[in-house]
Amino acid sequence: MVIMGPQGSGKGTQAARLAEHYAIPTISTGEIFRTNIAKETELGAEAQKYISQGELVPDSLTNAMVRDRLAADDVVRGFILDGYPRNFAQVLELDTVLGDLGFWLDAVVQLTADRDELLARMAKRAQIEGRADDTPEVIAHRLDIYDEQTAPLVSAYAQRGILVAVDGTGTVEEVTARIISALGSLVG
Ligand code: AMP
């Protein structure tokens, strides 16, 4: 499955909890980039230029990384993609990669929250995690990119009949329960 939602919607937190619930791995492109930055790899150095500005990392780098990750053995029973796809080109690339591997998407979870709630949560996260891309200017830019490039993907997945929209407000536990119940028979 894919989990989608703007920055601050609790996407990463919920992805981790769903991974535990369904006993499948989470593939978070943002996390993979951050790990590469921390390890000072070539990919990390390249990605950092974009991430620090709140821009999307070029598709060529991101797609290759996801293709590589989906080829690992641990995803055969399922996986949760967190932060990918983020634009239409990535949707198409994901279709191709999944087709090549004989996989498919059961569900796309969309976490919703209004912008004020998102900004409040991200300001809090910035204090706790100290992420370099959680400054007010970069946060605003990332939310704009989400609205322009990522939010439109929701309707594409809705047309396929696999979209599950879930209210992302409330406690972490409430939201997880809501998602699992909404996924119902789509994911088993
Ligand atoms: P995230 O942790 O999902 O908010 O991702 C942090 C940053 O990593 C984003 O603001 C982007 O710069 C980059 N990133 C993560 N996933 C992608 C993606 N699918 N395509 C392009 N850039 C990405």
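Residues numbered from 1 in each chain as written. Predicted model: local features only at pLDDT ≥ 70, side-chain atom pairs only at ≥ 80, totals over all residues. Heavy atoms only, no water.

(A) Structural context of the site of the ligand. Within the structure, the ligand sits among 17 residues, and T29, E55, G83, R86 and Q90 are positioned closest to it. Contacts to the ligand include E55, whose backbone N or O atom sits 2.6 Å from an oxygen atom. In this structure, a nitrogen atom belonging to the ligand sits 2.9 Å away from a side-chain N or O atom of R86. Coverage of the ligand by the protein chains reaches 96% of its 470 Å² of free accessible surface. (Near = heavy atom within 4 Å. Polar contact = N/O pair within 3.5 Å; in protein donor to acceptor, adjacent residues only side chain to side chain. Areas by Shrake-Rupley, 256 points an atom, 1.4 Å probe, with all protein chains shown as cover.)

(B) Highlighting the layout of surface pockets. The volume enclosed by the largest pocket comes to roughly 1200 Å³. Lining the largest pocket are 48 residues, and of these G8, K11, G12, R125 and R131 sit closest to its centre. Only α1 (11–22), β2 (26–28), α2 (29–38), α4 (59–70), α6 (115–129), α7 (136–150) and α9 (172–183) provide two or more residues apiece to the lining of the largest pocket. When the residues that make up the lining of the largest pocket are grouped by side-chain class, the tally is 14 nonpolar, 19 polar and 15 charged. Lining the second largest pocket are 14 residues, with M1, R77, G78, F79 and D106 positioned closest to its centre. (1 Å grid on protein atoms, 1.4 Å probe; cavity = no way out; pocket = protein on both sides within 12 Å on 5 of 7 lines; lining within 4 Å. Points joined across faces, edges and corners; volume = space filled by probe spheres on them. Helix = DSSP H or I, 4+ residues; strand = E, 2+ residues; numbered from the N terminus. Nonpolar A, V, L, I, M, F, W, Y, C, P; charged D, E, K, R; others polar.)

(C) A look at empty space enclosed by the protein. The tally for this structure, following the rule as stated, stands at 1 cavity of 30 Å³ or more. For the largest cavity, the calculated volume is near 70 Å³. Around the largest cavity, the lining residues are V2, I3, M4, G5, Q7, K11, G83, Y84, P85, R86, Y146 and T150. Of all the secondary structure elements, the ones that give two or more residues to the lining of the largest cavity are β1 (2–4) and α7. The dominant element in the lining of the largest cavity, judged by the number of residues it contributes, is β1, at 3 residues. Each residue belonging to the lining of the largest cavity can be placed in one class, and the counts come to 6 nonpolar, 4 polar and 2 charged.

(D) Representation of the packing of aromatic side chains in the model. Tallied over the entire structure, the rule returns 1 aromatic pair. Ring plane angle 50° and centroid distance 6.0 Å describe the contact between F79 and F103, whose orientation is recorded as tilted. A residue pair is termed long-range when its members are at least 10 positions apart, and F79 in the loop between α4 and β3 (80–82) and F103 in the loop between α5 (88–101) and β4 (108–112) qualify at 24 residues. Residue classification places F79 among the buried residues on the basis of a relative accessible area of 4%. (Phe/Tyr/Trp six-rings, centres within 6.5 Å; stacked < 30°, edge-to-face > 60°. Buried < 20%, exposed > 50% of the residue type's maximum accessible area, 1.4 Å probe, protein only.)

(E) Inspection of the nonpolar core at higher detail. Formed by 21 residues in total, the largest nonpolar core has its most connected members in M4, L70, F79, L81, L94, L105 and Y157. Contributing elements (two or more residues each) for this core: β1, α4, α5 and α8 (153–159). No other element matches α5, which puts 4 residues into this core. Ignoring any residue separated from it by four or fewer positions in sequence, one finds Y157 in contact with M4, P85, V91, L94, L105, V108, I162 and L163. Core analysis: the second largest hydrophobic core is formed by 17 residues, A15, A19, Y22 and V164 among them. (Core = buried A, V, L, I, M, F, W, Y, C linked by side-chain atoms within 4.5 Å. Contact = heavy atoms within 4.5 Å.)

(F) Looking closely at the side chain of R142. Here R142 is to be found in helix α7. Here R142 is in contact with Q7, G54, M122, R125, R131, D133 and D134, once residues within four sequence places are set aside.

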